[in-house]
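For reference, the chains in residue letters:
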Amino acid sequence: MQHYQPPKKILCIHDLSGLGRCSLSVILPVLSAMGHQVVCLPTAVLSTHTGGFGQPSRMENDTYGFAALDHYAQIGVTFDCIFSGYLETPAQAQLVQKAYSFWPDAYKIVDPAMGDGGKLYNSLSGEIVSAMAQLAHQADLILPNLTEAHLLLGLDQSEQTDWTREAAQNLADQLMEICPSAVVTGFPMGKYVGCAGAGAEQFVQRKLLLPRNYPGTGDLFAAVVTGLLLHGNALSAAADAAAAFVSECILNTDPEADPRFGVWFEPQLKKLIFQA
Ligand code: PXL
C-alpha cells in the first residue's frame, strides 16, 4: 500500500449473503483490515449468493434500509463514501439515491454488480439495468465488469474473445458519458485478463489469466479499490493492487475446492493491513 491517510467512514449498501464469500461478507472484512470504518446497510439477508446453491432463503424488509438512513441523518452522522453493489430491485436502488440525497458530499462508488459472462444474473430482471445506470450517472466512480459495462452502455456484448488495449480503452472511455471515472475489469486479452480505467486516469493493465472463476471476486476487487482510493492512492495504483490481491486469493484457493464457496481470501487479509 503506497499511501495511508486517516481511516474513512464508508456506508456500504449491499446484500449480506451468508455462504459464498461475496457482498458484505467480503466487503466488511476487507475494508476493516484496511483500517476503515464500515457502516453496513444490508439490502437483504440471503442464505447464499444466487450463483449455484439453488434458491437462497431470504430475509427482506422494504422499510429497514430507509428507516436506518433516517436514523443516521437524525443523529447527524456523515459519511466520507457511499459504496453500493449488488441490488436486486429498483426499490433497493432508491435506497442508494436516498443516501446520496442525505450526504451529497460523500464520494460515491457504484459497483453495478448485475451480470457476468455476457448475461444478467438469473436472480435479476432487466429493470435493474436502468436503475443501475441512473445510479452510475450520479456516482463519482463505477466499477463494472465487461458484461456490466455493455449493459450500462446499452451495447450487445459481442462474441469478442480477444480485446486489444485500444479497444479496451475505447470501451472504458465510452463510460465517461455516464460517470466521471470508471474501471472496467475482465477483458480477455490472449493469455492475460485486462482492466481499463478512464476519467481520473486512463490506463490499461493486464494480469496473467487464471483459468478459474469464482463468485465474489468482483466484490473483492471493488472493496480493495475503494479502500486504497480512500487512503489517497491513485485510481491506477488502486486497480493494479486490487487485481493483484484477487489473483493471490485465487492462487491460494485449493483448486479442488467447490468454486461456489468463493476464494479463500481470509488468510490474505493480513496483506491489506497497513503497517506503520
Ligand atoms: O457478487 C455479486 C453478488 C452479490 N450478491 C448476491 C449475488 C451475487 C452474484 O451472483 O448472487 C446475492
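Because the structure is a prediction, the values reported are computed rather than measured.

Criteria and cut-off values
- Residues numbered from 1 in each chain as written.
- Predicted model: local features only at pLDDT ≥ 70, side-chain atom pairs only at ≥ 80, totals over all residues.
- Heavy atoms only, no water.
- Near = heavy atom within 4 Å.
- Polar contact = N/O pair within 3.5 Å; in protein donor to acceptor, adjacent residues only side chain to side chain.
- Areas by Shrake-Rupley, 256 points an atom, 1.4 Å probe, with all protein chains shown as cover.
- Nonpolar A, V, L, I, M, F, W, Y, C, P; charged D, E, K, R; others polar.
- 1 Å grid on protein atoms, 1.4 Å probe; cavity = no way out; pocket = protein on both sides within 12 Å on 5 of 7 lines; lining within 4 Å.
- Points joined across faces, edges and corners; volume = space filled by probe spheres on them.
- Helix = DSSP H or I, 4+ residues; strand = E, 2+ residues; numbered from the N terminus.
- Pairing = 2+ DSSP bridges.
- Buried < 20%, exposed > 50% of the residue type's maximum accessible area, 1.4 Å probe, protein only.
- Arc of directions from axis to C-beta.
- Contact = heavy atoms within 4.5 Å.
- Core = buried A, V, L, I, M, F, W, Y, C linked by side-chain atoms within 4.5 Å.
- Phe/Tyr/Trp six-rings, centres within 6.5 Å; stacked < 30°, edge-to-face > 60°.

### Some remarks on the site of the ligand
- Taken together, Asp 15, Ser 17, Cys 22, Ser 23, Leu 46, His 49, Thr 50, Tyr 86, Tyr 121 and Asp 219 make up the full set of residues adjacent to the ligand.
- At 2.8 Å, a side-chain N or O of Asp 219 approaches an oxygen atom of the ligand.
- Isolated, the ligand exposes 310 Å² of accessible area, and the fraction of that covered by the protein chains is 95%.
- Considered class by class, the residues forming the shell around the ligand number four nonpolar, four polar and two charged.

### So, the layout of surface pockets
- Within this model, the second largest pocket holds a volume of roughly 300 Å³.
- Considering the residues around the second largest pocket, the lining is formed by 15 residues, among which Thr 43, Ala 44, Glu 60, Asn 61 and Asp 62 are closest to the centre.
- Among the secondary structure elements, those contributing two or more residues to the lining of the second largest pocket are β2 (37–48), β3 (58–60), α2 (64–74) and α3 (90–102).

### Quick notes on the pairing of β2
- The pairing of strand β1 (residues 9–19) with β2 spans nine bridges and is parallel. Residue pairing in the sheet places Leu 16 in a bridge with Val 45 of β2.
- Pairing of β2 with β3, which is carried by three bridges, proceeds in the antiparallel orientation. From the neighbouring strand, Leu 46 faces β3, where its bridge partner is Arg 58.

### Focus on helix α6 (residues 165–174)
- Ala 168, Gln 169, Leu 171 and Ala 172 are the residues of α6 that are buried. What you see down the axis of α6 is that its buried residues fit within an arc of 160°, all on one side.
- Buried-residue contacts for α6 involve α5 (146–153), β9 (182–189), β10 (192–198) and β11 (203–208).

### Here's the deal with unusual backbone geometry
- Within the chain, Arg 21 stands out as a residue other than glycine whose phi angle is a positive 50°.
- Along the chain, Arg 21 turns up in the loop between β1 and α1 (24–33).
- The class for Arg 21 is partly exposed, based on a relative accessible area of 21%.
- Backbone geometry at Ser 23 places phi at a positive 40°, although glycine is not the residue there.
- Looking at where Ser 23 falls in the secondary structure, it is placed in the loop between β1 and α1.

### A closer look at the side chain of His 14
- Along the polypeptide, His 14 turns up in strand β1.
- We classify His 14 as buried; its relative accessible area is 1%.
- A distance of 3.2 Å separates a polar atom in the side chain of His 14 from the backbone oxygen of Phe 83.
- Polar contacts involving the side chain of His 14 include one to the main-chain amide nitrogen of Gly 85, which spans 3.4 Å.
- In this structure His 14 touches Ser 23, Leu 24, Ile 27, Leu 41, Pro 42, Thr 43, Phe 83, Ser 84, Gly 85 and Tyr 86, once residues within four positions along its chain are discounted.

### Quick notes on the nonpolar core
- If you look at the biggest cluster of nonpolar residues, it comprises 49 residues, and the most contacted ones within it are Leu 11, Trp 103, Ile 142, Leu 175 and Phe 187.
- It is helix α4 (residues 127–138) that contributes the most residues to this core, seven residues altogether.
- Apart from residues no more than four positions distant in its own chain, Phe 187 is found in contact with Leu 146, Trp 163, Ala 168, Leu 171, Tyr 192, Val 193, Gly 194, Cys 195 and Ala 196.
- In this structure, Val 30, Tyr 214, Ala 223 and Leu 235 belong to the second largest nonpolar core, which totals 41 residues.

### Let's talk about the packing of aromatic side chains
- Inspection of every chain in the model, using the stated rule, returns seven aromatic pairs.
- Each ring, one from Tyr 72 and one from Phe 79, has its centre 5.9 Å from the other, and the planes form 80°; the classification is edge-to-face.
- Given a relative accessible area of 6%, Phe 79 falls into the buried group.
- Between the aromatic rings of Phe 79 and Trp 103, the centroid separation amounts to 4.8 Å while the plane-to-plane angle is 85°, which identifies the pairing as edge-to-face. Note that Phe 79 is positioned in the loop between α2 and β4 (81–84) and Trp 103 in the loop between α3 and β5 (107–110), a separation of 24 residues in sequence.
- Residue class for Trp 103 comes out buried when judged on its relative accessible area of 7%.

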